[in-house]
Amino acid sequence: MKTLILFLALCPLLQASANPNIVYFLVDDLGYADCGFNGGKDIRTPNIDKLAKEGAVLKSYYVQPVCSPTRSALMTGRYAIHTGVYNVVRPGAPWGLPLAERLLPQALKEVGYTTAICGKWHLGEFQSDYTPTHRGFDHQYGHYFGALDYFKHDRDGKMDWYRDDTPLVEEGYTTQLVAKEACRLVREQAADKPLFLYVPFNGIHSPHQVPDSYTEPYKDLPKLRQTIAGMLSAVDEAIGQITAALDEKGQRQNTLIIFSSDNGGPGPGNATMNTPLRAGKGTLYEGGIRVCSFATWPGKIPAGITIDEPMHAVDWFPTLVKLTGAPAEQNLAPDGLDIWPVLTQGAKSPHEALLLPGMAPEKMALRMGDWKLLLNPSDKDAEEAKGSEKSSGKMELYNLTRDIAEKTNLAASQPEKLAEMRARLDAIIKDAVPAGGVTEQAPKKKTKKGKGKKA
């Protein structure tokens, strides 16, 4: 009887320790081909490349065109058409990620995780309820917005640096400070309790600043590219330090590491490299929303593989909820789907149609198999479409298997495929919410599964 009582008392600990640590490295404004593992040639990223080699490189991983919407998708598993976060949440804006949303750290806390964010939040701060420690994070360290001065920790003259959502004044280069804090959290984490560590670096976003020592190896590059190379080297060093901390704790084998950019690289061919994709940050072309990414977990995700199945940032929420045994029932259904079989068993993408929202309700893209439809891909197109019927607007159609660079618009020559995809897109976005200013939404019926300037 005493043995049974002891076993029951230990059950919560046993359950917690059975779940993996989860570390998500999100790099800001990273180009598709900036890292060595994804084709980069001029910047050294040894720590990132090593992790990529130990897991699965995700060649068709999609995010949003800019910062805040990608972070919203990761945290909620829901598209911008349901959260209203189509664009960047700017300092002092009277809105943020709706409070009705259930966030990933909230779900993971329900199965015993310690939850921490080290880096950029960018999902609202105009009221305290919108800040990280009120959205499921046990620990917060870093800043709320983008375009942060890396040494002064301010934006437009206003300080933007916090610990546990309390203003903090300290010296140091932000990438190094974020790494130091993340390492501390790893080292101090109880061995019998899993850790969800979200590390959204502000590197390599502007302003382009880095200690001189990091640019020394890149003197042959043009000045802007030289600075960005140094900034990415600092991020790579930070990721190496955090990974080393996991090794020191004996936790590396029980840690799922996910890596991606938050959007395509800006200034492709000059500041960043998105080769072979078209365009960059802020657009619905592949260079704006298809980013370098990998997932690594020794013994769980096969090492040294490349996966070209389409998946989106919204997929991590339902995948991790299911993987950890967190309660799946919630008021607002996720749009993402479970991609674990894709990562571990060579399964096909669970998405028959993958929505790729733009920076406004009038701008959308849809991927179905090899095909991609773009609706109002430019700002001019979207402006002209405002207030018009969904049947209007400029459309572009590409076959990504034959034309990954999106050079040949097939809209005129493939009218049947165009009509099929436009009808599917209209059906998906028919209930899209407005952009911005969405602070609350009426809860829907509970569901266990979902269907599938400065920034």
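Above: the structure in question.
Predicted, not measured: the structure shown is a model, and the values here were computed from it.

Quick notes on the rules
- Here the residue numbering is sequential within each chain, running from 1 through the sequence in written order.
- The model is predicted, so local features are restricted to residues of pLDDT at least 70 and side-chain atom pairs to those at 80 or more, both for listing and for counting; the totals for chains, interfaces and linings are taken over all residues.
- The side-chain values count all of the structure's non-hydrogen atoms but skip hydrogen atoms and water molecules.
- Any pair of Phe, Tyr and Trp rings, taking the six-membered ring for Trp, is counted once the centres come within 6.5 Å. Such a pair is stacked with planes under 30 degrees apart, edge-to-face with planes over 60 apart, and tilted for the rest.
- Each helix corresponds to a stretch of at least 4 residues labelled H or I by DSSP, and each strand to a stretch of at least 2 residues labelled E; elements are numbered beginning at the N terminus.
- The cut-offs for exposure are 20% and 50% of the maximum accessible area for each residue type, with area from a 1.4 Å probe on protein chains only; residues under the lower value are buried, those over the upper are exposed, and the others partly exposed.
- Charge over a ring is defined by NZ of Lys or CZ of Arg lying within 6 Å of the ring centre and within 35 degrees of the ring normal.
- Here, strands pair whenever DSSP counts at least two bridges between them.
- Every axis corresponds to a line fitted to the C-alpha atoms, with the helix fit spanning only the stretch in contact, and the corresponding angles, defined between N-to-C directions, vary from 0 to 180 degrees.
- A side-chain nitrogen of Lys or Arg and a carboxyl oxygen of Asp or Glu constitute a salt bridge if their distance falls within 4 Å.
- One fewer than the residue count of a helix, multiplied by 1.5 Å, yields its expected span.
- Taken from the helix axis, the directions to the C-beta atoms give the arc we talk about.
- Any two residues whose heavy atoms approach within 4.5 Å at even a single point are treated as in contact.
- As used in this record, nonpolar core signifies buried Ala, Val, Leu, Ile, Met, Phe, Trp, Tyr and Cys residues forming a set joined through side-chain atoms within 4.5 Å.

### Notes on the packing of aromatic side chains
Then, number 1: Applying the stated criterion across every chain yields a total of 14 aromatic pairs.
Then, number 2: An angle of 20 degrees between the planes, with centres 6.3 Å apart, marks the rings of Phe25 and Phe201 as stacked. Within this pair, whereas Phe25 is found in strand S1 (residues 21-27), its partner Phe201 is found in the loop between strand S10 (195-200) and helix H7 (223-248), the two being separated by 176 residues in sequence. Phe201 shares its class with Phe25; the two are buried.
Then, number 3: Measuring from centroid to centroid gives 6.3 Å for Phe137 and Tyr198, while their planes differ by 15 degrees, and the two rings are stacked. Placement of the pair is Phe137 in the loop between strand S4 (114-120) and strand S5 (139-143) and Tyr198 in strand S10, with a sequence separation of 61 residues. For the residue pair Phe137 and Tyr198, the accessibility class agrees, reading buried in each case.
Then, number 4: Cluster of aromatic residues (ring-pair linked, three or more members): Trp121, Phe137, Phe196 and Tyr198.
Then, number 5: A cation sits over an aromatic face here: Arg278 above Tyr285, 3.8 Å from the ring centre.
Then, number 6: We note Lys300 situated over the ring of Trp297; from NZ or CZ to the ring centre the distance is 5.6 Å.

### Topic: the environment of Pro310
Then, number 1: Structurally, Pro310 can be placed in the loop between strand S14 (305-307) and strand S15 (311-312).
Then, number 2: The spacing of Pro310 and Pro350 is 40 residues in sequence and 8.7 Å in space, taken between C-alpha atoms.

### Considering the sheet that holds strand S17 (residues 364-368)
Then, number 1: In space, the 4 strands of this open sheet follow the order S16-S17-S18-S19, with antiparallel pairing throughout. One side of each edge strand has no neighbouring strand; the edge strands of this open sheet are strand S16 (354-357) and strand S19 (395-399). Put simply, the sheet's adjacent strands are angled 15 degrees from each other on average, direction ignored.
Then, number 2: Pairing between strand S18 (residues 371-375) and S19: 5 bridges, direction antiparallel. Within S19, the residue paired with Trp371 across the bridge is Asn399.

### Concerning helix H3 (residues 67-76)
Then, number 1: Burial within H3 is extensive, with 10 of its 10 residues counted as buried.
Then, number 2: Looking one or two places after H3, you find Gly77, whose phi comes out positive at around 75 degrees.

### Some remarks on the pairing of strand S11 (residues 255-261)
Then, number 1: Burial within S11 is extensive, with 7 of its 7 residues counted as buried.
Then, number 2: Covered by surrounding structure in S11 are Thr255, Ile257, Phe259 and Ser261 together with Leu256, Ile258 and Ser260, the residues of both alternating faces.
Then, number 3: Relative to S11, S1 runs parallel, the two sharing 7 bridges. Its bridge partner lying in S11, Tyr24 is registered against Ile258.
Then, number 4: Alignment of S11 against strand S13 (residues 293-296), held across 4 bridges, turns out to be antiparallel. Residue pairing across strands places Ser260 opposite Ser293, the latter belonging to S13.

### Describing the pairing of S13
Then, number 1: Burial along S13 is two-sided: the residues Ser293 and Ala295 and Phe294 and Thr296 are all buried.
Then, number 2: As judged from the 2 bridges shared by strand S2 (residues 56-58) and S13, these two strands associate in the antiparallel manner. The residue bridging Val57 from the neighbouring strand is Phe294, located in S13.

### A few points about the pattern of salt bridges
Then, number 1: Throughout the structure, instances matching the rule amount to 28 salt bridges.
Then, number 2: Linked through salt bridges whose partners overlap, the residues forming this network are Glu286, Arg290, Asp308, Lys372 and Glu406.

### Looking at the sheet that holds strand S12 (residues 290-291)
Then, number 1: The strand order across the open sheet built from 3 strands is S12-S3-S15, with neighbouring strands paired in mixed fashion. Because the sheet does not close on itself, it has two edges, and the strands there are S12 and S15.
Then, number 2: With 2 bridges joining them, strand S3 (residues 61-62) and S15 adopt parallel strand pairing. Residue Tyr61 lies in a different strand from S15, and its bridge partner there is Met311.

### Some thoughts on helix H12 (residues 415-429)
Then, number 1: Helix length check: H12 (15 residues) gives 21 Å between terminal C-alpha atoms against 21 Å at 1.5 Å per residue, within 8%.
Then, number 2: Regarding H12, the residues found buried are Leu418, Met421, Arg422, Leu425 and Ile429. Angular distribution of buried residues about the axis of H12 spans 105 degrees; they occupy a single face of the element.
Then, number 3: Residues of H12 that are buried in the fold lie against helix H4 (80-83), S16, S17, S18 and S19.

### Things to note about unusual backbone geometry
Then, number 1: Between Ser206 and the following residue, Pro207, the backbone shows a cis peptide bond with an omega angle of 0 degrees.
Then, number 2: Considering the arrangement of structural elements, one finds Pro207 in the loop between S10 and H7.
Then, number 3: Of the consecutive residues Thr275 and Pro276, the connecting peptide bond is found in the cis state with omega at 10 degrees.
Then, number 4: Relative to the helices and strands, Pro276 is located in the loop between S11 and helix H8 (286-289).
Then, number 5: The phi dihedral of Asn376 falls on the positive side, at around 55 degrees, and the residue is not glycine.
Then, number 6: Within the fold, Asn376 resides in the loop between S18 and helix H11 (379-385).
Then, number 7: Among the residues examined, Asn376 registers a relative accessible area of 2% and is labelled buried.

### Let's talk about the nonpolar core
Then, number 1: Of all hydrophobic cores here, the largest spans 79 residues; its most connected members are Tyr61, Leu74, Met75, Phe196, Tyr198 and Trp316.
Then, number 2: For Tyr198, the contacting residues outside a window of four places in its chain are Tyr24, Leu26, Arg71, Leu74, Met75, Ala116, Ile117, Cys118 and Phe137.
Then, number 3: Listed in part, the 51 residues of the second largest apolar core include Tyr141, Phe201, Ile204 and Ile242.

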